[in-house]
Amino acid sequence: MRDKALIEGIGHFLRSIGGKRVAIVTHVGGDADAVGAAYVIKRLLEETVGCAGVYIYVPDETSAPVRAMARYLKLDLSSGAIGEADVVILVDVGSLEQAGDYLKEVMRINGKVCVIDHHAPPQGGYPQGFLVFVSESYRAVCEILMDVAQTMDVKLDTLEAEALFLGIYYDTARLSLADQETMGKVCELVRLGVNPSKSIQSMEVPIDLSERIARLKGAMRMNLYRIGEWLIATSQVSSFQTPVARALLSLGCHVSLVAGEYKDGTVVSMRAQQDFFNKTGVNLGRDVAQIVGTRLGGYGGGHSTAARVYCKSTPDKAIELCLSLLEGSLGERLSRV
Ligand SMILES: [Mn+2]
């Protein structure tokens, strides 16, 4: 066990909230680790602790693989307001802004807020009164939950083991970042009934044909710019702007801006590599999307590496403003590549 005190702390906390109504909130969009861990926390609270009701909230839009995982686990993801929760558990969030649209409600909750995470806490820490269980020594929150289940003397069933396996598998970049402890845990999960290829298949959903076309057209129409050591790709498609922005990032640029007409205006989806944010401090939500929204008569926001804006403008004008804001933030001129 990497951090016995942390694990016992979480075990005590979970056992202390019997009879309560609990809302579990993941990071924006969710992923296998966040959803897998949330699922097992929900099961522990319902089956072992005896909570009054446990609901899982994934802020903003979920990706197709995350929806497929939830279906596989027969897990209902809640949408809409959190409402009357006695306890909120933030899972795998990394920072408060990752609670997305739920942040306001979380801050206003008239009860306990707890964080269970393996990301470094935000600069300045979490607000006072939050119960924070964070350890960067874990490769995945799902790995934390495995130790918690053991400490609570709970034997995981096959579906729970699969949920934790998927979280560990994807958060370790398909086990390439796994150390001996992680691999030992994976072996234990296999003993509990996980069939790795079957679990992984459950998340690898085929991409819709229209989304494939959008992604490929997005790549064909790409414009590429360079600012210092950073590459910025822009493109325009009439739908699937967000998957196209993600796809361009996976081709190798550091920042992608993908625009399209939407209703009587324009939408721009933007994505950045984590490395870009870490080294430049440029936050797409705060430094680009919010400002574009304000200046072009719409609204925008999001997070450091994922943001979106709606505005009353043409796609060309919106992208032009995004680029000039990036130039301003980075303090350098861009050039066409
Ligand atoms: Mn994680």
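Within each chain, residue numbers correspond to sequence positions counted from 1 in written order. In keeping with the model being predicted, local features are shown solely for residues with a pLDDT of at least 70 and side-chain atom pairs are shown and tallied solely at 80 or more, while totals for entire chains, interfaces and linings include all residues. Remark: hydrogens and water are excluded; side-chain values derive from all non-hydrogen atoms of the structure.

Among buried residues, those of type Ala, Val, Leu, Ile, Met, Phe, Trp, Tyr and Cys that are joined through side-chain atoms within 4.5 Å constitute a nonpolar core. A simple rule labels every residue: compare its accessible area, found with a 1.4 Å probe on the protein chains alone, to the largest value its type can have, and call it buried under 20%, exposed over 50%, or partly exposed in between. With 57 residues, the main nonpolar core has L14, L45, I89 and L189 as its most contacted residues. For L14, the residues in contact, after removing those within four places along its chain, are I41, L44, L45, V49, I89, V148 and M152. Of all hydrophobic cores here, the second largest spans 27 residues; its members include V268, M270, A272 and A307. Any two residues whose heavy atoms approach within 4.5 Å at even a single point are treated as in contact.

Next up on the list: helix α5 (residues 141–151). For α5, a buried count of nine out of eleven residues is recorded, marking the element as mostly surrounded by other parts of the structure. Labels follow the DSSP assignment, with helices taken as runs of H or I lasting at least four residues and strands as runs of E lasting at least two, numbered in each case from the N terminus. For α5, the full list of buried residues reads V141, C142, E143, I144, L145, M146, D147, V148 and A149. One or two residues past the end of α5 sits D153, with phi positive at roughly 65°.

Entries for the protein chain in the domain assignment read domain 1 (4–203) and domain 2 (210–336). Centre-to-centre separation of domain 1 and domain 2, based on C-alpha positions: 30 Å. Taken together, the contacts link six residues of domain 1 with six residues of domain 2. In what follows, salt bridge is the name for a side-chain nitrogen of Lys or Arg lying within 4 Å of a carboxyl oxygen of Asp or Glu. Scanning the region where domain 1 abuts domain 2 turns up zero salt bridges. Each polar contact in these results corresponds to two N or O atoms within 3.5 Å; when the atoms are within protein, one needs to be able to donate a hydrogen and the other to accept it, and residues that are neighboring in sequence are counted only if both atoms are side-chain atoms. Our count for the contact surface shared by domain 1 and domain 2 stands at zero residue pairs in polar contact (both at pLDDT 80 or more). Considering only residue class, the side of domain 1 that touches domain 2 consists of one nonpolar, two polar and three charged. What fixes the domain bounds is an automatic or database domain assignment. In this classification, Asp, Glu, Lys and Arg are treated as charged, Ala, Val, Leu, Ile, Met, Phe, Trp, Tyr, Cys and Pro as nonpolar, and every other residue, Gly included, as polar.

With that settled, the discussion passes to the coordination of the manganese ion. Donor atoms: N, O and S within 2.8 Å of the metal, or within 3.2 Å for Na, K and Ca. Because water is excluded, sites can look incomplete. Taken together, the protein ligands of the manganese ion are D33 (OD), D92 (OD), H118 (NE2) and D171 (OD), with distances of 2.1 to 2.3 Å. Mapped onto the polypeptide sequence, the residues donating to the manganese ion form the spacing pattern D-x58-D-x25-H-x52-D. Separated by 26 residues along the polypeptide, D92 in the loop between β4 (87–91) and α4 (103–108) and H118 in the loop between β5 (112–117) and β6 (131–134) bring together distant segments of the chain. The same class applies to D92 and to H118, which are both buried.

Attention now goes to unusual backbone geometry. The phi dihedral of D92 falls on the positive side, at around 65°, and the residue is not glycine. We note that A173 has phi near 50°; this positive angle belongs to a residue other than glycine. For A173, the location among the structural elements is in the loop between α6 (158–171) and α7 (180–191).

Turning next to the side chain of T26. For T26, the location among the structural elements is in the loop between β1 (21–25) and α2 (32–49). Those residues in contact with T26 that sit more than four places away from it in its chain are A34, A38, I56, Y57, V58, P59, V91, V93 and Q98.

A pair of aromatic rings is counted whenever rings of Phe, Tyr or Trp (Trp by its six-membered ring) have centres within 6.5 Å, and the orientation is called stacked for planes under 30 degrees apart, edge-to-face for over 60 and tilted otherwise. With the rule as written, the count across this model stands at eight aromatic pairs. Taking 5.2 Å as the distance between ring centres and 85° as the angle between the ring planes, the aromatic pair formed by W230 and F276 counts as edge-to-face. Here W230, found in strand β8 (residues 230–236), pairs with F276, found in helix α11 (residues 274–280); they are 46 residues apart in sequence, far enough to count as distant. Looking at W230, the relative accessible area reads 7%, which means it is buried. Taking the centre distance of 5.2 Å and the plane angle of 45° together, the rings of Y262 and Y310 count as tilted. Taken together, the residues span a long stretch of sequence, with Y262 in strand β9 (residues 255–262) and Y310 in strand β12 (residues 306–311) at a distance of 48 residues. In this structure Y310 comes out as partly exposed when scored by relative accessible area, which is 23%. Among the aromatic side chains, those forming a connected cluster through ring pairs are F165, Y169 and Y170. In this scheme, the term charge over a ring applies when either NZ of a lysine or CZ of an arginine sits within 6 Å of the ring centre and within 35 degrees of the ring normal. A cation over an aromatic ring shows up here: R2 above the ring of Y138, its NZ or CZ 5.9 Å from the ring centre.

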